[in-house]
Amino acid sequence: MTEKLEILRQGRDSFLTTKIDAVVNWGRKYSFFLYPFVTACCGMEFMSAAGPRYDLDRFGAALPRFSPRQADLLMVVGTISHRQAPILKKVYDQMAEPKWTVAFGACTCSGGPYNNYATVQGIDTIVPVDIYIPGCPPRPEAVIDGLVKLQQRVQATPGWNKPHHKEIEDLSLPIIEKPLP
Amino acid sequence: MVTAKKLEPGGKSDLHTDHQILNMGPSHPATHGTVKIVLEIDGEQIVDMEVMVGYLHRGFEKECESGTWYQAIPYTDRLNYNSAILANLSFCMAVEKLLEIELPHRCLWVRTLAGELSRMGDHLTRLGAACLELGAMTPFLYGIEARELVWDLQEMLCGARVTANYIRIGGLQRQVPEGFEDRMAQSLMRIEQLLVDFDKLVTANRIFVDRFRRTGMIPAQRLIEYGVTGPLLRAAGIPLDLRKAEPYLVYDQLDFDVPVGTIGDNYDRFLVCQEELAQSIRIIRQCLPVLRKTRGEPVDVDDPKIRWPAKDRVFGRMEELIQQFKGVTEGVKVPAGEAYSAIESANGELGFYIVSDGTGKPYKVRCRAPSFMNVAPLREMMLGGMLADIVPTFDMINMIGGECDR
Amino acid sequence: MAVELLERVGELLGDAVIDSHARLGDATVLVDAGRIQEVLGALRDSDLRFNVLMDLTAVDYLGRNPRFEVVYHLASVDTEPHGTDPARLPHRLRVKAGVLEDPCEIGSATSLYVSADWMEREVWDLYGIVFKGHPDLKRILLYEQFEGHPLRKDYPKERRQPLIGPLN
């Protein structure tokens, strides 16, 4: 015991070697600052997931930031209509790198039960998506599962200082001034 | 919108007094629906405002028209997602009105219980979220904890936490499971405890009272003109509750009170909602003995054209299999005509106006959404008020995006 | 009850009533669309006291003439306070008026009922029925760039008009 304390005191054992990617990503994955883009029903389950019983705080993703500038995880919770779509795109563009997107619920994944003139058929037609959480609305357990999968993904991302969303340029289509017939 | 006021030369104040235009929403933490409010403010005071709804318009009516009558029920869930069962109930009651059918005794009691459970979920969310948006996290956690208990029971009833899809045309999705009544009785006790804790935390809290008292007021007569119903109207002193005014289900056999406010400010609205929670618990307590007594009785109408037979018979017999097949593929044949049926939902009168052309598909499903009607007077409530008062007022209006924009 | 109500409404409105029925207990009158403001005003101000316009919508009967039907749901709410007794809802009435495809317009009820404001905007938005005399008739649920009126039966359900992104 005293020998161990002596080692610690001298600082001989108080460092470790790792890759910078690994340590930065390790920090990132346990400190998500999420921007809840809550529009619809899924917001109720999002409240539950953040609430006392399921407690997203355990995964370091409890603190919602309501400014996109301060957030690095965009949670799109609920149906996105065509009227809402430019706003979502704007919020996403305002977020600083590195940033991740979670499609929360069936409507954001694929349009869900809605397939008509008003709804967007999946937010991946507007912004890039990292994790899809299915369900209408997904249970909090599914949300936690999705979050853990996102953490694994973040940990495995190479190049800590490079923007990892290469596809943004491909997706950023011009705003259509006049709707197509 | 008025243009900014010009500064008078030689005026008393040399301060800059231009009016400012401020956008609130459509993605704003305090607008738990998606709504955009364009404000014209003079310092902190609201000079003019415009409320823009429609950011969650999902084509509810068009979707309903494209499916069968049964397929419309899940869409009604997603109108007011806080109290899905009440929306199911209103829609199914409208269809049953067209079909002119009598429901079994037990079905009515279970529906009443399920509806009140749903109403509790809605009020708990409203009260909890109101506190959260004023910056009080702890009461929100109490509200959510109580709502989890409500949702556990809802899950036991119908297998889903939020979007219940429980009420069927001419019956229920399934029988009440074993042991439900006992669990319900236990949960109610726990919910009551949580409500007491919530009450102690919030109701007499000075900061809370200051932000709710005398804000968002509007004369009761104006509310009537705006077509506002529900807790908002009751808080202004008009005791209109469809459960008493036009009793449906078994509400005429139940003993409950309709709480009313006096001046109709946000604090009154808050207290009315709190009392309605207590009344819902009271109603559920009266339903439980009936549920115990009638266990085993049918909950569906005995008509395979409307409510197809139970699964064990479908898989065992030819005729029932055909009935189920026809029921699913062609849908219920609702006689041609029109009907309007309304219930008291957590936000007010939730009505459905349906038109049938005699085929298996709805010709028109119109939802008279209380949220839509209740948001309209927001402008008048807030004129002359302070910017910060929008948040409690908006919370107490409880605009639910799905229902408001459909 | 609905039948007696219809008799009184018939006396009050006279020849403005084209048709009436009380099927399923819903008192319904079909009135002359040109006189809708007069009809609603009479119903509001008479002793029947229909003081709430609960609902306003339209139905598109494609292929029928007149093509549209604007449907008003009126209710009479007791506004007098009476202690702890719950307010009664003495009666409801459904008023319908046919609207042609061209000109697709009807008088606005905003001067009579404030609640008509948003509902008329919604009907204009989704059905394209113009309410003459409405102070600010513009889209409410959809966006300004949207062309056409989606709840008309001849509007295809999946015809999208996105503001951004591909036509999915």
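Residues numbered from 1 in each chain as written. Chains lettered and ligands numbered in written order. Predicted model: local features only at pLDDT ≥ 70, side-chain atom pairs only at ≥ 80, totals over all residues. Heavy atoms only, no water.

Asks: How should unusual backbone geometry be read in this particular structure?
Replies: Residue proline 137 of chain A is reached from cysteine 136 of chain A by a cis peptide bond, and omega for that bond is -10 degrees. Mapped onto the secondary structure, proline 137 of chain A falls in the loop between β4 (131-133) and α6 (140-155). Of note, the bond from asparagine 65 of chain C into proline 66 of chain C is cis; its omega dihedral lies within 30 degrees of zero at -5 degrees. Among the structural elements, proline 66 of chain C can be located in the loop between β3 (52-60) and β4 (68-76). The phi dihedral of glutamate 100 of chain B is positive, around 55 degrees, even though this residue is not glycine. By the secondary structure assignment, glutamate 100 of chain B is in the loop between α3 (84-99) and α4 (105-133). By relative accessible area, glutamate 100 of chain B is classed as exposed at 58%. For asparagine 165 of chain B, which is not glycine, the phi torsion reads 55 degrees and is therefore positive. (Helix = DSSP H or I, 4+ residues; strand = E, 2+ residues; numbered from the N terminus. Buried < 20%, exposed > 50% of the residue type's maximum accessible area, 1.4 Å probe, protein only.)

Asks: When you look at the interface of chain C and chain B in this model, what are you seeing that I'm missing?
Replies: Interfaces are frequently sized by the accessible area removed from exposure as the parts join. Contacts between chain C and chain B engage 49 residues on the former and 48 residues on the latter. Taken together, both faces of the contact between chain C and chain B bury some 4100 Å²; the carbon and sulfur share is 59%. The largest contributions to the chain C side of the interface with chain B come from Leu24, Trp118 and Leu141 of chain C, which together make up 17% of the buried area. Linking chain C to chain B there are 24 residue pairs in polar contact (both at pLDDT 80 or more). Mapped by element, the contributors of at least two residues to the side of chain C that touches chain B are β3, β4, β5 (91-99) and α3 (116-127) of chain C. Sorting elements by how many residues they give to the side of chain C that touches chain B places β3 of chain C first, with nine residues. Looking at the side of chain C that touches chain B residue by residue, the class counts come to 27 nonpolar, seven polar and 15 charged. (Contact = heavy atoms within 4.5 Å. Buried area = accessible area lost by both parts, 1.4 Å probe. Polar contact = N/O pair within 3.5 Å; in protein donor to acceptor, adjacent residues only side chain to side chain. Nonpolar A, V, L, I, M, F, W, Y, C, P; charged D, E, K, R; others polar.)

Asks: Would you explain the pairing of strand β3 (residues 100-104) of chain A in this entry?
Replies: Regular strands place their side chains on alternate faces of the sheet. All names here are of chain A. Summarising burial for β3: five of the five residues are buried, a large majority. Of the two faces of β3, both are covered, the one formed by Trp100, Val102 and Phe104 as well as the one formed by Thr101 and Ala103. Across five bridges, the pairing between strand β2 (residues 73-77) and β3 is parallel. Within β3, the position partnered with methionine 75 by the bridge is valine 102. Once the chain exits β2 it traverses helix α4 (residues 85-94) before rejoining the sheet at β3, and the crossover so formed is right-handed. Pairing between β3 and β4: three bridges, direction parallel. Residue pairing for β4: alanine 103 is matched across the bridge by tyrosine 132. (Pairing = 2+ DSSP bridges. Right-handed = clockwise from strand over helix to strand, strands pointing away.)

Asks: Help me understand the interface of chain A and chain B, please; the structure alone is not making it clear to me.
Replies: Listed as interface residues are 31 residues of chain A and, on the opposing side, 33 residues of chain B. At the boundary of chain A with chain B, total buried surface from both sides reaches about 3000 Å², with 56% on carbon and sulfur atoms. One can count four salt bridges joining chain A with chain B. On the surface where chain A and chain B come into contact, there are 18 residue pairs in polar contact (both at pLDDT 80 or more). For the side of chain A that touches chain B, the secondary-structure elements that each account for two or more residues are β1 (34-38) and α3 (42-50) of chain A. It is α3 of chain A that contributes the most residues to the side of chain A that touches chain B, four residues altogether. (Salt bridge = Lys/Arg side-chain N within 4 Å of Asp/Glu carboxyl O.)

Asks: Explain the sheet that holds strand β2 (residues 36-42) of chain B to me, please; I cannot follow it from the model alone.
Replies: Strand pairing in a sheet is mediated by backbone hydrogen bonds. Such pairs are either parallel or antiparallel. Residues and elements named next belong to chain B. Taken in spatial order, the three strands make up an open sheet running β1-β2-β3, and their pairing is antiparallel. At either margin of the open sheet sits one strand with a lone partner, and together these are β1 (20-24) and β3 (45-52). Looking at each pair of strands side by side, their axes are set apart by 20 degrees on average, direction ignored. Examined bridge by bridge, β2 and β3 share seven bridges and lie antiparallel to one another. Bridge pairing in β3 places isoleucine 41 opposite isoleucine 46. (Axes fitted to C-alpha atoms, helices over the stretch in contact; angles between N-to-C directions.)

Asks: Hey, could you run me through the sheet that holds strand β7 (residues 348-356) of chain B in this one?
Replies: Residues and elements named next belong to chain B. On the basis of which strands lie adjacent, the open sheet formed by three strands has the order β6-β7-β8 and antiparallel pairing. Each having just a single partner strand, β6 (337-345) and β8 (362-368) make up the two edges of the open sheet. If you compare each strand with its neighbour and ignore which way they point, the axes differ by 15 degrees on average. Two elements, β7 and β8, share six bridges in a ladder whose sense is antiparallel. The residue of β8 that forms the bridge with valine 355 is lysine 364.

Asks: Help me understand the nonpolar core, please; the structure alone is not making it clear to me.
Replies: Core analysis: the biggest nonpolar cluster contains 199 residues, and Val53 and Tyr166 of chain B together with Tyr72 and Ile129 of chain C have the highest contact counts within it. Once you skip the residues sitting within four places of it in the chain, isoleucine 129 of chain C turns out to touch Ala58, Phe68, Val70, Val99, Cys104, Ile106, Val123 and Trp124 of chain C. (Core = buried A, V, L, I, M, F, W, Y, C linked by side-chain atoms within 4.5 Å.)

Asks: Is there a simple way to think about the confidence of the model for chain A in this case?
Replies: The pLDDT averaged across chain A works out to 80; a share of 87% of its residues lies at or above 70. Here residues 168-181 of chain A is modelled with pLDDT under 50, and outside its nearest four sequence neighbours on either side it reaches 25 contacts, counting other chains as well. (pLDDT = per-residue confidence, 0-100.)

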